[in-house]
Each structure stands twice: as C-alpha cells, then as structure tokens.
Amino acid sequence: QVQLVESGGGLVQPGGSLRLSCVASRSIFGFYIMGWYRQAPGKQRELVASVTSNSITNYADSVKGRFTISRDNAKKTVYLQMNSLKPEDTAVYFCNCQDFSLPRATYWGQGTQVTVSS
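First, a word on what this report is: a plain description of the structure on this page. (Residues numbered from 1 in each chain as written. Predicted model: local features only at pLDDT ≥ 70, side-chain atom pairs only at ≥ 80, totals over all residues. Heavy atoms only, no water.)

**A word on the nonpolar core**
So the rule is basically this: Only buried residues count toward a nonpolar core. Its members are Ala, Val, Leu, Ile, Met, Phe, Trp, Tyr and Cys residues joined through side-chain atoms within 4.5 Å. Buried means the residue's accessible area, taken with a 1.4 Å probe over protein chains only, is under 20% of the maximum for its type, while exposed means over 50%, and partly exposed covers the values in between. Each helix corresponds to a stretch of at least 4 residues labelled H or I by DSSP, and each strand to a stretch of at least 2 residues labelled E; elements are numbered beginning at the N terminus. Should any heavy atoms of two residues lie within 4.5 Å, those residues are counted as being in contact.
Ranked by internal contacts, the top residues of the largest apolar core, which has 29 residues, are Leu 4, Trp 36, Phe 67, Val 78, Leu 80, Met 82 and Tyr 93. Those elements that place two or more of their residues in this core are β3 (18–24), β4 (32–39), β5 (46–52), β7 (67–72), β8 (77–82), β9 (91–99) and β11 (112–116). Dropping the residues within four chain positions of it, Met 82 is found in contact with Gly 16, Ser 17, Leu 18, Leu 20, Arg 66, Phe 67, Tyr 93 and Val 114.

**Considerations on unusual backbone geometry**
Pro 103 follows Leu 102 through a cis peptide bond whose omega is -5°. At Ser 55, a position not held by glycine, the phi torsion is positive, near 75°. Residue position: Ser 55 is located in the loop between β5 and β6 (57–59). Notably, Ser 84 is not glycine yet its phi reads approximately 50°, a positive angle. Inspection of the secondary structure assignment puts Ser 84 in the loop between β8 and β9.

**Some words on the pairing of β5**
Which entries qualify depends on this criterion: By the convention used here, strands pair only if DSSP detects at least 2 bridges between them.
Of all the seven residues making up β5, five are buried; the element is thus mostly covered by neighbouring parts of the structure. Between β4 and β5, which follow one another and run antiparallel, lie six residues, and Gly 42 among them has a positive phi close to 75°. Two elements, β5 and β6, share three bridges in a ladder whose sense is antiparallel. Bridging across to β6, Ala 49 finds its partner in Tyr 59. Taking the residues between adjacent antiparallel strands as the criterion, β5 and β6 are bridged by four residues, where Ser 55 takes a positive phi near 75°.

**Focus: the pairing of β3**
Counted residue by residue, β3 has five buried out of seven residues, so it is predominantly covered. As paired elements, strand β1 (residues 4–7) and β3 share four bridges and run antiparallel to each other. Looking across to β3, one finds that Leu 4 is bridged to Ala 24. As judged from the six bridges shared by β3 and β8, these two strands associate in the antiparallel manner. Note on β8: the bridge partner recorded for Leu 18 is Met 82.

Okay, here's the thing in structure tokens:
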C-alpha cells in the first residue's frame, strides 16, 4: 500500500508560479505511471501531466509549455512546476499513481487547492 501526500497549493495571481509536490510513503518498483489530475467545480477530473517509470511524459494541451512534471526518486517525490498560471488553472489538483506490478493498484492523494485570481 502507498500513501500519497500533496502540498504546495495556494492562491497566486495570473502569470505567477507554483510548484506542487507529492510524496509517496514508499518507493514503487517495476512499471508505474505517476500523474497529476485536476478537477474544477462542476467539471470532470482531467489528466494534467504524467510521467512513467521509464521517463515518458505527456501533458494536456492546455498546459503544455507552461507545466513540467518531474520526479526525484531518492525523495520519493513527484513535482508539478506550474508557470504562467491562468485563472482557468484553478482547481483541486490530485496526485495519482498507477502501479502495474502484480497485484495492480491505483493510489490517490487527498488533493491540494490551486486558485489563480487577482
């Protein structure tokens, strides 16, 4: 079992930056995908960015060029660097892990609020 704890959310002005962190309670071995999702009020949860255990990344079109996902395996942490933030980025951001080693498992963090507003 893995616990994920997010931090780094807050209130920022348009054009500002935030870095979200997600710390795992233990290392994950074999193939996995770490991702950041977000959910705004009244909207579906959407994938923002992901990175695989073999370092393949992908981003939603709306954030590509502004957000960067990265890992620090020694710290058991995945980050989401968010630059040039827009009001449309306002949402609760969730860390997610899909562990493809048997038995397969999916883990979610508790979420952290990001608000972009003047």
